[in-house]
Structures are given as C-alpha cells and as structure tokens.
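Residue-level listing of the chains:
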Amino acid sequence: MYRQRRLLASAGIASLGLGYLTLTDSGRWYTSGVIRSTRTLAVGAAVVADYKFNYPDREDPDFESRRSAIHKRNGLRMLRLFEANGGVYLKTGQHFASMGQVLPKEIVQSLRPCQDQCPTVSLEEAQSNFMKDLGMPIQALYSEFEEKPFAAASLAQVTTIRVTIIDHGIVTLNSPCFRYIEQQQWMGKKLR
C-alpha cells in the first residue's frame, strides 16, 4: 500500500514538473526532446520485436515474400518516425535512403520520401517564427509571401516573396529546431 502511494505521488510530481516545463518557453524544447526520444524508443522497440517474433524461417516456402513484407513494414515505421520528429531525423532518413548497398531495398524504397518530399512548415508557424525572431509580421517586410513553399528540405524550406524595394526574390525558412541550435551557438559565442 505504501509503495503504491509513493509511486503515485512520484508520478504526480513528475507530471506537474513536465506540465510546468511545457508551459515555459525554454521548457517546450525539453519536453519536445522527451517526446521525440520516447517516440524513437517506441518505434525502435516495435521494429526489434517485429524482426524477433515475425522474421520467417529460411525453410518457409514464403520466405522471400514474408521477409520483404517485414522490411517494408519496418521501413514505413521508420519513415513515419522520421517525419514526425523532423529535422535531424529526416537527415538520418535521407542517409538511410541512400544506403542501398547495405540496407534491404524495401527499407530504402520506404525512406525515399525523406529525400524529396519533406514536410513543410505552415504559414501560421512561419508567421509566428517571424514575430518571435524579428518582432514584426511577415507583411511588414514583404508585400507578397507565397503560402506554399516551392522547395522543402529536412532543415529548411524555400518560398517566393515580393519586397517593395526589390521586384522579386526568395527566402529560406529554417526549421524551428535548427534556429534554436543556431541561437544556442550564437549565445555561447557571445558569452565567451
């Protein structure tokens, strides 16, 4: 009985701490790191369990098709993980997608979207990032800002803009996690 109460109290304190971190601006990065790590561990465990318990025996008459299915299934699991976690995870997916000599072809094919179909940042998130970084809305700097980017990579995306001074141009939007790393590095240099 005492142990259960102690465990319940510990879980409550941990939940309050996590809630506090979520509400603070710097805490969002810590909690998102915990979420990404937990997601990675869960997918990693699912992949390991899938191979351990479902990998076919070589004497199985359907060995090739069952092995191909397990590789494809786990490749799609990894793709969903990389897309959900974004940033460096997408870079890892790009690297895995180019390792056709080492990884099974089903995994490599499943991870191809990491190379040329990266998720993009919404216009609302871009506007929010502009406000945080520059203290003004996008419309204050650009007379036109194309909502849909024409290129997206793992760490940034590119969209068309129109500036009142210049007739036409492009702007690169770094992903929020990449900007946070740049900010930390800049602050470290400033403090030295």
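This is a predicted model, so every value here is computed, not measured.

### Brief notes about the environment of Val-43
Then step 1. One can find Val-43 in helix H2 (residues 25-54).
Then step 2. The buried category is assigned to Val-43, whose relative accessible area is 17%.
Then step 3. Sequence separation of Val-43 and Leu-81 is 38 residues, and the distance between their C-alpha atoms is 7.2 Å.
Then step 4. Excluding residues that lie within four positions of it along the chain, Val-43 makes contacts with Arg-77 and Leu-81.

### Quick word on the pattern of salt bridges
Then step 1. In the structure shown here, the tally under the stated rule is 5 salt bridges.
Then step 2. Where Asp-50 meets Arg-77, a salt bridge forms, and the shortest distance between an N and an O atom there is 3.0 Å. One end of the pair, Asp-50, is in helix H2; the other, Arg-77, is in helix H3 (residues 63-85), with 27 residues separating them in the sequence.
Then step 3. Of the residues examined, Asp-50 reaches a relative accessible area of 5% and is grouped as buried.
Then step 4. On the accessibility criterion, Arg-77 (23% relative accessible area) is partly exposed.
Then step 5. Where Lys-105 meets Glu-106, a salt bridge forms, and the shortest distance between an N and an O atom there is 4.0 Å.
Then step 6. A relative accessible area of 57% means that Lys-105 is categorised as exposed.

### Quick word on the nonpolar core
Then step 1. Counting residues in each nonpolar core, the largest one holds 12 residues, listed as Val-43, Val-47, Met-78, Leu-79, Leu-81, Phe-82, Leu-90, Ala-97, Ile-107, Leu-111, Cys-114 and Cys-118.
Then step 2. Those elements that place two or more of their residues in this core are H2, H3 and helix H4 (88-97).
Then step 3. Tallying contributions element by element places H3 first for this core, with 4 residues.
Then step 4. For Val-47, the contacting residues outside a window of four places in its chain are Asn-74 and Arg-77.
Then step 5. Of all hydrophobic cores here, the second largest spans 7 residues; its members include Leu-123, Ala-126, Phe-130 and Ile-138.

### Some remarks on the packing of H3 against H4
Packed helix pairs are characterised by how far apart their axes lie and by the angle those axes make with each other.
Then step 1. For the pair H3 and H4, the least separation of the axes is 7 Å and the interaxial angle reads 145°. Of the residues in H4, those touching H3 at Phe-82, Glu-83 and Asn-85 are Tyr-89, Leu-90, Thr-92, Gly-93 and Phe-96.
Then step 2. By residue class, the composition of the contact of H3 with H4 is 4 nonpolar, 3 polar and 1 charged.

### Overview of the side chain of His-71
Then step 1. Tracing the chain through its elements places His-71 in helix H3.
Then step 2. Excluding residues within four positions of it along the chain, His-71 makes contact with Tyr-51, Tyr-55, Pro-104, Glu-106 and Ile-107.

So, how was this worked out
Residues numbered from 1 in each chain as written. Predicted model: local features only at pLDDT ≥ 70, side-chain atom pairs only at ≥ 80, totals over all residues. Heavy atoms only, no water. Helix = DSSP H or I, 4+ residues; strand = E, 2+ residues; numbered from the N terminus. Buried < 20%, exposed > 50% of the residue type's maximum accessible area, 1.4 Å probe, protein only. Contact = heavy atoms within 4.5 Å. Salt bridge = Lys/Arg side-chain N within 4 Å of Asp/Glu carboxyl O. Core = buried A, V, L, I, M, F, W, Y, C linked by side-chain atoms within 4.5 Å. Axes fitted to C-alpha atoms, helices over the stretch in contact; angles between N-to-C directions. Nonpolar A, V, L, I, M, F, W, Y, C, P; charged D, E, K, R; others polar.

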